[in-house]
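# Residue-level structural notes
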Amino acid sequence: MGIKNTALNHDVEMFKKYKNLLKELTAKNVKLKYRNSWLGILWSFLQPLLNMIVLSVVFGGIFGKKNDLFICYPVYLFTGRLLFSFFTSSTKQALSSFRRNQAIIKKVYVPKYMYPLSAIFSNFVTFAISLLCLISVWIFFKLTGISGGSKLEINGYALLCWVPMLLLLIFSTGVGLILSVVSVYFRDVEYIWDVMCQLLFYMVPIIYHLKTITTHWIQVVIKINPLYSMIELFRHCVLYGQIMSWKLFVYALVISVATLIIGILFFNWKSDDIIYHL
């Protein structure tokens, strides 16, 4: 027990020592993402907006006409797409973080978890900026009443939207830590995970409502997906104006924390060998 406490204290002290570096790496990743772009960080606002418009045009005629299931289909689509995009972009960048920084890793000692963490946190910054776009979209449909936007209501529960956002950040960090290590040993993981993310997009109710799925076992598979619970919790706050489901919250909390713990343990187990495989 004493050895474990000593190791934990050492890790905490190292994190405190390099926390400013984590901030700098995060800021650098945000700047590099939009380097040489005319609109720069404004793309954090425009990209989700354009995605919503395209998906609304493509799938609105199929799913959006079911007004009994959707309050406002474009906003429903936007909320799901926003959270899903953060998960996929953050895990993909965490996955490739060692390969992109291998020259620095081989020359300068820095706690290796700084690289996947900075990749995830920089995407969270972009995600937070994108919330401004969500607010703008919500106001637009509320004022115009287009696609049932007049039914949109806001109340105090919207202030709890940070809870599913935090759970998603924790979950993404755990997954990102695991993928960052695995990708060093198996480079094909990058391509496999890209395909998996495309599959996950259709395994989460983003463009459709869960009630449109009539097969029971498929509904069960969708509900098991942690992303489903986090997206639904977010929608409860900002779309439905309801208190969050405690069942979904407990499930998302357990899965997120468990994934983070597994990610940290796995990362600590293999991190010392990473430099030999870069």
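Residues numbered from 1 in each chain as written. Predicted model: local features only at pLDDT ≥ 70, side-chain atom pairs only at ≥ 80, totals over all residues. Heavy atoms only, no water.

Relative to the elements of secondary structure, L46 occurs in helix α3 (residues 43-64). Measuring from C-alpha to C-alpha, the distance between L46 and S130 comes to 8.3 Å, with 84 residues separating the pair along the chain. (Helix = DSSP H or I, 4+ residues; strand = E, 2+ residues; numbered from the N terminus.)

Time to look at the pattern of salt bridges. Under the defined criterion, the tally for this structure stands at 4 salt bridges. One salt bridge connects K92 with D194, and the closest N-O pair in it is separated by 2.8 Å. One end of the pair, K92, is in helix α4 (residues 73-95); the other, D194, is in helix α9 (residues 189-202), with 102 residues separating them in the sequence. The partner of E190 in a salt bridge is R99, with the nearest N and O atoms 3.2 Å apart. Of this pair, E190 sits in helix α9 while R99 sits in helix α5 (residues 97-100); the two residues are 91 residues apart in sequence, bridging distant segments of the chain. Looking at R99, the relative accessible area reads 36%, which means it is partly exposed. (Salt bridge = Lys/Arg side-chain N within 4 Å of Asp/Glu carboxyl O. Buried < 20%, exposed > 50% of the residue type's maximum accessible area, 1.4 Å probe, protein only.)

With that settled, consider the side chain of S122. Checked against the element boundaries, S122 lands in helix α7 (residues 114-144). Classification of S122 by relative accessible area gives buried; the value is 4%. Residue contacts for S122: discarding those within four places in its chain leaves T26, N29, V30 and Q93. (Contact = heavy atoms within 4.5 Å.)

In this model, the protein carries an average pLDDT of 85, and 87% of its residues clear a pLDDT of 70 or more. Considering each helix and strand of the protein separately, the mean pLDDT is smallest for helix α1 (residues 2-17), with a value of 60, and largest for helix α8 (residues 162-185), with 95. (pLDDT = per-residue confidence, 0-100.)

The phi dihedral of S147 falls on the positive side, at around 55°, and the residue is not glycine. Tracing the backbone shows S147 in the loop between α7 and α8. With relative accessibility at 40%, the residue S147 sits in the partly exposed group.

Residues L50, I53, V54, V57 and V58 make up a contiguous nonpolar surface patch of about 450 Å² in total accessible area. On the basis of relative accessibility, which here comes to 41%, the residue L50 falls in the partly exposed class. (Patch = residues over 30% accessible without salt bridge, like charges linked within 9 Å, V, L, I, M, F, W, Y side chains within 5 Å. Areas by Shrake-Rupley, 256 points an atom, 1.4 Å probe, with all protein chains shown as cover.)

Quick look at the packing of α4 against α7 now. Packing of α4 against α7 leaves a shortest axis separation of 9 Å and a crossing angle of 170°. Classified by the angle their axes make, α4 and α7 are roughly antiparallel. The class makeup of the residues in the contact of α4 with α7 is 18 nonpolar, 7 polar and no charged. (Axes fitted to C-alpha atoms, helices over the stretch in contact; angles between N-to-C directions. Parallel < 35°, antiparallel > 145°, perpendicular 65-115°, else oblique. Nonpolar A, V, L, I, M, F, W, Y, C, P; charged D, E, K, R; others polar.)

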